[in-house]
Structures are given as structure tokens and as C-alpha cells.
Amino acid sequence: MDNKMTPYGKVQTTPFGKWDSPITDDMITSKSIVFTEISAAKDGIFYVIEARPADAGRCCIVQWIDGHARDVLPSGYSARTAVHGYGGGAICPLANKNFLVFSDANAHGVWILDSATCGVTKAIVPDPRVFFADFHAHPSEEKWILAVCENHRCPSGEVVNTIVAIDLIQGRMTTLVKGADFYTHPRFDPSGTRVCWTQWHHPNMPWDGTELFVASWNHDGTIEKPRLLAGREGHESIAQPRWSPDGTLYFVSDQSGYWQLWRWFSACADSDPTPISLDGLETGEFAGPEWWLGSCTYGFLDSNTMVAAWTYDATEHLVIIDLTTLKYEFLNAPVAALTGIADSALAVTSSTSIAIIASSPSSPQALYHVEVNKPASLITLRPSTTISDPSTFFSQGRPISFPRSNTRLDSGEKIDATAKAQLIARAFFFPPQNPHYVGPQDCLPPLIISIHGGPTLHSGPGLSLQWQYFTTRGYAVVLLNYAGSSGYGRKYREILNGKWGVLDVQDAADCARYLSTSGIVDGNAIGIMGGSSGGYAALQAICDFPSLWAGAVSISGISDVEALVKDTHKFESCYPLRLIFGQDVPNDESARRLIYRERSPRFKAQKTKITAWTLLLQGREDQIVPLNQAEAMKSSILSNGGTAKLVVFDGEGHGFPRGAENALQAVREQKEWWRRSLVIQQAPVHRKLGSSLVILGLIVLSLLWNKLC
């Protein structure tokens, strides 16, 4: 193709992966922020936590009043929690609108912040081994707050979780609820006479099955008459219990197979909860897996009106619900994903407005204000980063689905929700996009397949500069929602149980084959990457399907599942067992060990020649997947003649580095790794169709497949 002139100047024919991009390294690291939580106070005041890589990843509390922002947390503090290892629920406004409580990431404990003076006082003497999170303030008695407490100081060595009531005046706490392994969402009702909470026991995770309780609150800081209201461990997951202004308790249950809204009219104390039937929304979800504490994806404009995020096929939509008529309408706001940590991403700021942390198909994560009576008035309060270039540089994510190999239905079997979950896998495809460049006619773009963590999470189509960084350079990117991902209902989540490290990896391989045989990407230049369990899947993939991959990047990835079972923290200590064995965990230790080894990349790599160039990025202080996992994987690959590099980041924990300098190094390491493994190795390939026609055909095939199923 000859170079030609466009409104952006001359279009250059340049090899894929070698395009110049307006998205710089520091634009997605030191010059960006991450909004992690949002919480509303009275009179339209709300607070947002901003994680700032330029400030060593410190989490600052920002107060918003009438569209104006002000930092209110002194520089020596960082608002972040450590309960369950992942945290969340770090702040809570008190009844007095100028005050809030928070947990400090460094000293822990509970602290009171006066937002007017930025003064901080201790509520509970900090102890580095006692964590607090998920606070909630009494509506009228200002001294009382509820919190989840996680105690690592027990003489037995056991980590003990409880719900406590904290007296902010006397600086003491009382245990309200104990005995379960985990707790979330302790909440007062508007009258201050009842509390609710959710709880669960091992071996369940919160998306497997939880229980919702209510109890009466006494003014002396005790509760009585606890009642199990809903939920069933191992069978029904309850999420986000929340009291409406009139005292009705709402919550989300996946009893139907999807996380749907329910309510309990507390004025009728002996009544049972009832589902809220919203015609047309039954196969979407109003909540997600609660990896973090403090999730919030719905709220009340008044007693009769709810605003909520509804997820369908891993894409979120804002909806206004009339709770009396059960009629609803979608807000005309271009939101694709609510993106706060723990889905703590929505706060009601008045009877007609909300603030949200979200991304859209054409804008990265930002803090928005939305007037619900004027759906077009989506006002950007603060972007996560500043990019002046037009949206024509941005690649739009397209949902695709593709047949899953090694699965079939018996003749005449009905294609129901369970069968469909077994037959197809899901993803979002982002083609290369840059108005200044096209690739050579005889070449197809390299592909990076991203495997999200969890594995019970999902990737959405909201614009992320992390991926636009690569698509603007000439790479195609796929965000794979493999078996086990959320966003598609319980059946899709559960089919990974017993098949972790097998079915998710097969989905990645099927995706690579599907896109390469469709003539849309270069089948000889495919890379795979992921973090945590996504890193595990990436490492498994290069062992199980070595000829498919030219490169791989693992961030805090698991390489030895037996070591993970022994070393990981309380929250996930039983999770690998369900993922690996399903409901039937062998009693015999040797039988378990045999399967552990079959599912562990570090041992497979000793027997299989890994041809993919493998980059391992790891935090030295990672307590969830310790450094020794990455060290073992590197050793196995190198000892068998492969290519591997390990980069260790001091001061960093689990996941992508938080500090600006470390994050910048991680981005540059990835860029160079993909250049060496995918771009330099490329050779011209026969282009069966023009890329635009292939993309169109891919979309049509996906739509036809979905219609068939």
C-alpha cells in the first residue's frame, strides 16, 4: 500500500509493532492515577480514594464539594486496607459530614479524619497485625461504627475474622459476631435499630455461597436476635446488602443463576425476602464476585428509586429502577465498566445525581458526575490520565465468542444455559489502531492474549490505556473471558471448578487458533500474558501448547499449585482445592500431589521445551504468590534450554507494581519483550482477505454463533 495523505498527515506503511504511539510509558504510570473507592457523605459531599503511582502508590483521600476537589489526607497516611489480603472498604463518612474514618495502609488501626482541618486522630491504637475494613457509621449515634476485623495475633497462629462495634469516643471495640471464617457488609439500617451482614465458611468463596443475617442493635453496642435471612453456603451467593431510606433491606442473590436483586420488607419482621422481577434483565447481573470488601454498584435516589449497574455479557450499563412499579430505563451514559476496586464505584450524591468511577469504550477510567434526570449530562470531574490525541487512535473492543474444543453435545441435547456455557468461550478483540500507520500488505498483526486474574473476574470493553498502549503500536489484543469468568452467570463461573489450569488454558489456545485461522492475526506471532491466576494460565499455556506461543509475560503468576495451597493466605487457602479437584478432593496425599504436579508449570517446564520467550515480573513482598514461585519457574525453563527473564521489584506486593518507578520499569520490560518475541520474529504471511473484511466476518460469525446457541 502506498503512503497517502489523511487529515492526520501522511499514512506510513510500517511493520506492525513498530508504530509510534501518542501513549507514552509514563502516561500509564507516573502521569496516571487510579480511583479505587468512592463514598458519599451528606449534602452532596463525597470522597474518592486516588492511588498515585507518582507518590509511591500512596492512596490519598480527596473530598469533592460542588465539583471542586481538595486533598484532605495528610501526606504521612495512605487509605488502604489489608483484610482478606486484597483490602477494600477503607473509608466511611460519619454522621457529621466533615468527619470520616479510614484505615491506614502503613500503621493499620482505625483513624478519624477531620476533612475541614485535615487533622487525624486515633480511634483504635494501631497494631500492624490487626486489620480493619468495611466500616459503617451509625446514622444518629456518632460514636458507633461497625467494621470487619481480621486478627493475625491469635496465639494458635490462626487468623480470626469478626465483626466489631467500635466506640470512637472511648477508643474501644466490642465483638458483635464471631464463629464464621469470613464477614462482609456490616450495615446499620436508617433507624439505627438493626444491623445486617454476610458471612461464609471454608471451603467456600463469597461467590460460591454466603449467608445474609439481620439482628437487633442495642444502644450499648451489642446485638441480639440474629436471623438467617437468605443464602446457602455452597449454593447461593449473597452480595451487597443495603438498606433503603425507608428501612427495606435490598441485596443481590444468584439463586436464579444470575446475581439479581431481592428485598426484605423489615416492617414485616416475620416475612421472607422476595425477588425483584425486572422483565428483560433476568440474564444479566447486578453484582460481581466480591474479592474486595466494600463493593457498591447500586444505590437509592429515594425510597422508591434505585440507580444500578447491570452487567450483561461482561459489559455494564446504568439503569434507573422504579421500585414501586418495577419499571426501568437505561441511562444514556456511555459507560462500559465500573472500575473501582471492589466495584466500590458508585455513590448517590443527591436525589437526582450520582458520582461514578467508570470507563467507556472511548475513555479510560475517570471520575464522573451524572444527573439522572438529564442522562446526557455526564460530566468528567477528573480523568485518570490526560491524553490530548483524538479518539481515532483508540481501538474499540468487539465482543467475540468461539467454539470451545473438546466439548460437544449428545445428539438432540437441548442447548440450555449450562450447555452454552460448556460450548463457547468469550472475549473482547481490539484490532491495531493508529491513523498514522498501516501494516504491510503481506503481513498480519501480532497478537497479545490477556488472561485476567481471579480467575473469578472478567475483562470488559472499557477503554484501558494499558491495552491501547499496544494497539496504537500495531498489536492486536484480546481480553479473554475464559471458563470461570464472571459476567455471564453462575454456570459459566462454575465450569472451571475441577478444571483450573486445563479448561482456561484450552480456551486461550482455542482463541489463538480461532483468530489466526480466521486470517486476522499472525499465527506465528502470538503472545500470552496475565497476572496472578492469569499468569498461572499463561505459564500453563506455554507448557501445554508450546508451538502456539512466541512469547509470554507472567505478573505474580503461580507456577507451583502445591506450594500455593501451603503458602497462600487464609482468604484463598481452600480456593485452589475447589478449582483443582471440584467437590471431590482426594483423601490420599500422594494422589493430590500427583495432580498438583500435573497442574504446575514449573514441573512441566522441566519436561517440555518452552519455546515462548518468558518474562516473569514479581514483587519481592508478595504474600499471595511468593517470589519463590517465579524463581522456580525461571530455573525450570532455563534448565531445559528455554529463554526466561525474572524482574523482581523491591517494595512491591501482589500484582502490577504500584510505585511509579517500578511501574515504569514494568511497562518498558513488557514493551521490549513483545518487540523481541513477537515483532522481530515476524515474517510475511499470506493475507487471505483485507483486514477490514476479516474483522467484519469475525463479528458476523460471532453473532451467528450466539444466535445459534
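Everything that follows concerns the structure shown earlier in this document.
The following paragraphs examine the structure supplied in this document. (Residues numbered from 1 in each chain as written. Predicted model: local features only at pLDDT ≥ 70, side-chain atom pairs only at ≥ 80, totals over all residues. Heavy atoms only, no water.)

## So, the overall build of the protein
- Scanning the protein for helices and strands turns up 12 helices and 40 strands.
- Radius of gyration (C-alpha) of the protein: 25 Å, near the 27 Å computed for a compact globule of 709 residues.
- Taking the principal axes of the C-alpha coordinates as reference, the protein spans close to 75 × 65 × 60 Å.
- In the protein, 62% of the contacts between residues at least 6 apart in sequence involve partners at least 24 apart.
- Accessible surface, the protein as shown: approximately 27,000 Å² in total, 51% of it carbon and sulfur.
- Here the protein carries 60 positive and 69 negative side-chain charges, and the mean point of each set is 5 Å from the other. (Helix = DSSP H or I, 4+ residues; strand = E, 2+ residues; numbered from the N terminus. Rg over C-alpha atoms; globule rule 2.2 N^0.38 Å. Contact = heavy atoms within 4.5 Å. Areas by Shrake-Rupley, 256 points an atom, 1.4 Å probe, with all protein chains shown as cover. Lys, Arg positive; Asp, Glu negative; His and termini not counted. Charge placed at Lys NZ, Arg CZ, Asp CG, Glu CD.)

## Thoughts on the pairing of strand E17 (residues 211–217)
- With 6 of 7 residues buried, E17 is to be regarded as a mostly interior element.
- Bridge count between strand E16 (residues 194–200) and E17: 6 bridges; the pairing is antiparallel. By the bridge assignment, Arg194 is partnered in E17 with Ser216.
- Looking at chain direction, E17 and strand E18 (residues 223–231) are connected through 6 bridges and run antiparallel. Bridge pairing in E18 links Glu211 to Gly231.
- The antiparallel hairpin formed by E17 and E18 contains 5 residues in its connecting segment, where Gly221 sits at a positive phi of about 85°. (Buried < 20%, exposed > 50% of the residue type's maximum accessible area, 1.4 Å probe, protein only. Pairing = 2+ DSSP bridges.)

## Here we look at helix H4 (residues 503–517)
- Between its terminal C-alpha atoms H4 stretches 21 Å, which fits the 21 Å expected from 15 residues at 1.5 Å a residue.
- With 12 of 15 residues buried, H4 lies mostly within the body of the structure.
- The complete set of buried residues in H4 reads Leu503, Asp504, Val505, Gln506, Asp507, Ala508, Ala509, Asp510, Cys511, Ala512, Tyr514 and Leu515.
- Downstream of H4 by a residue or two, Gly519 has a phi angle that is positive, lying close to 75°. (Expected span 1.5 Å × (residues − 1).)

## Some words on the pattern of salt bridges
- Under the criterion given, the structure shown has 27 salt bridges.
- Of the charged contacts, one joins Asp25 and Arg668 as a salt bridge, the two residues approaching to 3.1 Å between their closest N and O atoms. Taken together, the positions of Asp25 in the loop between strand E2 (9–13) and strand E3 (34–40) and Arg668 in helix H11 (residues 660–679) put the pair 643 residues apart, joining distant regions of the chain.
- Overall, Arg668 belongs to the partly exposed group, its relative accessible area being 44%. (Salt bridge = Lys/Arg side-chain N within 4 Å of Asp/Glu carboxyl O.)

## Observations concerning the sheet that holds E16
- Here 4 strands make up an open sheet; going across it, the order is E15-E16-E17-E18 and the pairing antiparallel. The sheet is open, and its two borders are formed by strand E15 (182–188) and E18, each paired with just one other strand. Each neighbouring strand pair of the sheet contributes to a mean axis angle of 20°, computed without reference to strand direction. (Axes fitted to C-alpha atoms, helices over the stretch in contact; angles between N-to-C directions.)

## Topic: empty space enclosed by the protein
- If you walk through the whole model with that rule in mind, you get 3 cavities of 30 Å³ or more.
- There is about 110 Å³ of room inside the largest cavity.
- Around the largest cavity, the lining is made up of 16 residues, and of these Gly454, Trp500, Ile558, Leu564 and Glu572 lie nearest the centre.
- For the lining of the largest cavity, the leading source of residues is helix H7 (residues 575–581), giving 3 residues.
- Taken together, the residues that form the lining of the largest cavity break down as 10 nonpolar, 5 polar and 1 charged.
- Quantified by volume, the second largest cavity comes out at close to 90 Å³.
- Trp207, Asp208, Pro455, Thr456, Gly484, Arg490, Arg493, Glu494, Leu496, Asn497, Tyr575 and Leu579 together form the lining of the second largest cavity.
- When residues of the lining of the second largest cavity are traced back to their parent elements, those giving at least two are helix H3 (490–494) and H7.
- Looking at the lining of the second largest cavity element by element, the count peaks at 3 residues for H3.
- Grouping the constituent residues of the lining of the second largest cavity by class yields 5 nonpolar, 3 polar and 4 charged. (1 Å grid on protein atoms, 1.4 Å probe; cavity = no way out; pocket = protein on both sides within 12 Å on 5 of 7 lines; lining within 4 Å. Points joined across faces, edges and corners; volume = space filled by probe spheres on them. Nonpolar A, V, L, I, M, F, W, Y, C, P; charged D, E, K, R; others polar.)

## Details of the nonpolar core
- Membership of the largest hydrophobic core comes to 118 residues, with the highest contact counts inside it found for Phe286, Ile449, Leu480, Leu515 and Trp549.
- Setting aside residues up to four positions removed in sequence, Leu480 forms contacts with Phe402, Arg426, Ala427, Ile449, Ser450, Ile451, His452, Asp507, Ala508 and Cys511.
- If you look at the next biggest cluster of nonpolar residues, it comprises 29 residues, including Ala347, Ile354, Ala366 and Tyr368. (Core = buried A, V, L, I, M, F, W, Y, C linked by side-chain atoms within 4.5 Å.)

Without other data, these values stay purely geometric and don't point to any function.
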